[in-house]
Amino acid sequence: MAIQSQSDLARELESVGMLRRVSEELDPRLELAAVQRRVFAAGGPALLFTNVKGTEFPVLANAFGQIDRARYIFRRTLSGVSALVGARANPQQLLQNPMQLLRAVRAAAHAFPLPAWRAPALQRRLRISDLPMIVGWPRDGGAFITLPQALSEHPRLPGWRHSNLGMYRVQLNGNRYQRDEEIGLHYQIRRGIGVHHSLALEQGQRLKVCIAVGGPPAHAFAAVMPLPESMPELAFAGALAGRNLRWRRVDGVLAPVDADFLITGEIADELKPEGPFGDHLGYYSLRHPFPVLRVRGVYARSNAVWPMTTVGRPPQEDTIFGKLIHEIAAPMAPVMIPGLRQMHAVDAAGVHPLLLAVGSERFAPYQARQPMELLTIANAVLGFNQASLAKYLWIAAGEDDPQLDAHNIPSFLQHMLQRVDWRRDLHFQTATTIDTLDYSGQGLNQGSKLVIAAAGAPRRRLQARVPDIRLPRGFSGLQAAMPGILLLAGPRFRSYRLNDGQLAPLLRCLERCADELQGFPLAALVDDVGFAAATLNNLLWTLFTRSNPSHDIHGAGQEIRHKHWGCKGTLLIDARSKPHHAPPLIEDPRTLKRIDRLFAAGGSLAGID
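Described below are features of the structure shown in this document. Just so it is clear, the model here is predicted, and its values are computed rather than measured.

1. Focus on the overall build of the protein
When its secondary structure is counted, the protein shows 18 helices and 30 strands. Taking 25 Å as the expected radius of gyration for a compact globule of 609 residues, we find that the protein reaches 25 Å, a close match to that expectation. Its C-alpha atoms put the protein at 75 × 60 × 55 Å along the principal axes. Considering only contacts in the protein between residues 6 or more positions apart, those separated by 24 or more positions represent 73%. Split by element, the accessible area of the protein, about 24700 Å² in all, is 51% carbon and sulfur.

Next comes the structure, spelled out in structure tokens:
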């Protein structure tokens with residue numbers, strides 16, 4: 001039987017030992033989030049908080065905290081949805097496998113939302129202040145819904161077929177929001193709701209929005225699934241749930257009435273400050289003007305359970321969403337982008353800052369091998385769905401190594417670094433849009449992109465032994481992070497106006513020591529060499545969340561030829577913290593101390609750590 005609510009999900013997980021109840025009273029400000037992060041890091045169970053201060057509603061957390069648990073939740077439908085995706089990727093292969101065809105047909109039968117005669121989500125009427133006011137990080141600007149499903153309709157083509165369901169964060173209180181009457185709706189660049197909002201404004205209308213919370217777990221998953229614009233998320237939600245999504249118009253807006261909670265309203269004419277919010281890049285996204293939702297109604301099931309997660313520096317629970325999305329959607333990439341074999345948005349680097357890809361290089365086989373088709377593929381990737389938010393795109397030719405795997409990050413990077421020609425293979429977009437949550441650029445949504453393409457035979461042998469070179473004054477700490485990548489520390493970054501003069505002695509040193517550095521084609525300037533070198537995750541997070549390609553890429557023997565920038569020697573990424581960067585997320589030590597009691601002997605979470 002399909003899971004239809006969060007209480008169904010909690011019972012299901014508890015019945016197989018995948019959930020632990022937490023009966024101690026906990027403050028929704030910081031404590032719930034700290035517990036959830038600690039249990040996730042320990043690989044622990046789902047959590048049902050039954051005694052949350054300030055609200056009558058239980059809170060379900062960490063339900064997707066392990067990939068095996070996520071697969072278990074969708075165990076009855078995952079193969080059917082995968083078959084449905086496979087049918088689009090390779091219809092001929094599906095026709096040759098009757099069992100897969102049957103699974104795809106069953107999944108497709110649940111993909112059509114149906115009008116509801118019963119509406120569990122409307123059993124109770126509430127106020128915003130009745131909801132759990134969960135604050136995840138110390139500097140957050142208020143309480144947020146962290147698993148919202150924001151549903152909007154196309155203003156010219158109303159109905160579910162042209163609807164958009166997205167997980168756009170929602171701020172419930174704080175800043176200048178009028179209590180119980182207004183909430184913040186933050187949607188980032190290149191999101192479907194933005195198209196609907198723009199069209200509504202063109203027509204002089206206010207866009208109506210329904211925010212669902214809870215319900216079948218497939219509905220939340222559908223809200224984060226990167227689907228083609230031609231496929232409504234409501235259809236995917238039904239296929240994954242194994243039960244057609246039920247909808248009804250509530251306060252004039254399309255609403256999924258199997259949800260645990262519903263909030264209806266319309267986007268106001270004015271913007272108000274939203275944030276800060278501890279986000280999935282591992283930093284706070286800061287306070288900026290964003291749309292305001294004027295609340296019309298707040299509703300709930302009689303047995304409603306509030307779902308939550310927290311985000312922060314990866315890996316976190318949303319990492320599991322990413323893994324499951326990859327399992328389902330991987331067959332579609334070669335179909336949507338000809339020549340693309342594989343694509344991997346690197347979670348450890350915050351997803352959008354770093355994208356690795358394997359493509360084909362079949363153009364002009366009679367010429368010496370160099371990136372040609374790869375550049376065509378790279379342009380297509382940067383125009384494809386959420387991949388368009390990639391800041392660094394590294395793309396390699398699969399023909400050079402049939403075993404090359406973009407998910408084996410160390411091996412992939414070494415493959416690239418052995419082959420790349422920094423004089424030719426760097427392709428910048430210097431004034432463009434980047435992820436709203438990425439503060440490495442010049443302003444909100446403003447930054448640059450870099451495509452690094454490599455094809456052909458190896459050009460160099462990478463080394464791991466640190467060369468014996470004398471660094472200029474102010475620079476120190478040479479250390480190999482991995483073969484081919486060298487780390488060093490430098491003086492504190494002050495401004496881009498002063499930076500060229502600050503780096504000039506270092507770049508001259510790198511050029512002078514070209515022979516010693518032949519095996520280190522890439523170097524990075526960081527604040528803390530020990531931290532960046534400690535783990536691969538630390539290295540990726542530091543290098544790619546703290547640099548803006550147009551401003552922070554330098555090189556030994558750098559030159560511009562016919563408007564193309566390149567360098568003859570070692571490439572340098574300046575990954576130091578800059579004054580305009582957002583502050584990193586740091587746990588509150590007093591909160592951590594308070595929650596220790598749950599993990600001690602006799603506590604609800606004893607034995608988990």
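2. Some thoughts on the sheet that holds strand β4 (residues 114-115)
Reading across the sheet, the three strands line up as β4-β12-β13 and stay open at both edges, with mixed pairing between neighbours. In the strand order of this sheet, the two ends are held by β4 and β13 (253-256), each with one partner. Pairing of strand β12 (residues 246-250) with β13, which is carried by four bridges, proceeds in the antiparallel orientation. In the strand pairing of β13, V250 is matched with V253.

3. So, the packing of aromatic side chains
On inspection of all chains with the given rule, the structure shows 13 aromatic pairs. Pairing F57 with F261 gives two aromatic rings, centres 5.0 Å apart and planes at 85°, and the pair type is edge-to-face. Here the residue F57 occupies a position in the loop between β2 (46-49) and β3 (59-61), and F261 occupies one in strand β14 (residues 261-274), the gap between them amounting to 204 residues. In terms of burial, F57 and F261 fall into one category: buried. A centroid spacing of 6.0 Å and a plane angle of 85° characterise the contact between F428 and W565, whose relative ring orientation is edge-to-face. In this pair, F428 is assigned in strand β22 (residues 426-433) and W565 in strand β29 (residues 564-567), connecting sequence segments 137 residues apart. On the basis of relative accessibility, which here comes to 26%, the residue F428 falls in the partly exposed class. What links up through ring pairs into an aromatic cluster is the set F64, F74, F221 and F321. Over the face of the ring belonging to W541 we find R313, whose NZ or CZ atom lies 4.6 Å from the ring centre. Here the basic side chain of K578 rests over the ring of F493, its NZ or CZ set 5.5 Å away from the ring centre.

4. Overview of unusual backbone geometry
Cis geometry marks the peptide bond from G275 to P276; its omega dihedral reads -5°. Looking at the secondary structure, you find P276 in the loop between β14 and β15 (277-278). That bond from P314 to P315 is cis: its omega, 0°, falls within 30 degrees of zero. Looking at where P315 falls in the secondary structure, it is placed in the loop between β18 (306-308) and α10 (317-329). One non-glycine residue, L30, lies in the positive phi region at around 75°. Mapping L30 onto the fold places it in the loop between β1 (19-22) and α2 (31-41). Taking the relative accessible area as the measure of exposure, L30 reaches 8% and is therefore buried. Look at N175: it is not a glycine, yet its phi comes out positive at around 50°. Along the polypeptide, N175 turns up in the loop between β9 (170-171) and β10 (182-185).

5. Comments concerning the sheet that holds β1
Pairing is mixed in the open sheet, where four strands are placed in the order β1-β2-β3-β18. Edge positions in the open sheet fall to β1 and β18, since each of these has one partner strand only. Strand-to-strand twist of the sheet, defined as the mean angle between neighbouring strand axes without regard to direction, takes the value 25°. Pairing of β1 with β2, which is carried by four bridges, proceeds in the parallel orientation. Of the residues in β2, the one forming a bridge with L19 is A46. On the sheet, α2 packs against β2, β3 and β18 and is oriented at approximately 160° with respect to β2.

6. Quick look at the packing of helix α8 (residues 217-224) against helix α9 (residues 233-241)
For the pair α8 and α9, the least separation of the axes is 8 Å and the interaxial angle reads 140°. Judged by the inter-axis angle, α8 sits oblique to α9. Judged by the sense of rotation from one axis to the other, the crossing of α8 with α9 is right-handed. Across the interface between the two elements, A218, H219, F221 and A222 of α8 pack against E233, F236, A237, L240 and A241 of α9. Partitioning the contact of α8 with α9 into residue classes produces seven nonpolar, one polar and one charged.

7. With respect to the pattern of salt bridges
Overall, the coordinates contain 34 salt bridges when judged by the stated rule. We note a salt bridge from D130 to R127, for which the minimum N-O separation is 3.2 Å. Residue classification places R127 among the partly exposed residues on the basis of a relative accessible area of 48%. Where E182 meets R294, a salt bridge forms, and the shortest distance between an N and an O atom there is 3.1 Å. Residue E182 is located in strand β10, and its partner R294 is located in strand β17 (residues 288-300); the two are separated by 112 residues in the primary sequence.

What counts, and where the lines are drawn
Residues numbered from 1 in each chain as written. Predicted model: local features only at pLDDT ≥ 70, side-chain atom pairs only at ≥ 80, totals over all residues. Heavy atoms only, no water. Helix = DSSP H or I, 4+ residues; strand = E, 2+ residues; numbered from the N terminus. Rg over C-alpha atoms; globule rule 2.2 N^0.38 Å. Contact = heavy atoms within 4.5 Å. Areas by Shrake-Rupley, 256 points an atom, 1.4 Å probe, with all protein chains shown as cover. Pairing = 2+ DSSP bridges. Phe/Tyr/Trp six-rings, centres within 6.5 Å; stacked < 30°, edge-to-face > 60°. Buried < 20%, exposed > 50% of the residue type's maximum accessible area, 1.4 Å probe, protein only. Lys NZ or Arg CZ within 6 Å of the ring centre and 35° of its normal. Axes fitted to C-alpha atoms, helices over the stretch in contact; angles between N-to-C directions. Parallel < 35°, antiparallel > 145°, perpendicular 65-115°, else oblique. Left-handed = near helix turned anticlockwise from the far one by under 90°. Nonpolar A, V, L, I, M, F, W, Y, C, P; charged D, E, K, R; others polar. Salt bridge = Lys/Arg side-chain N within 4 Å of Asp/Glu carboxyl O.

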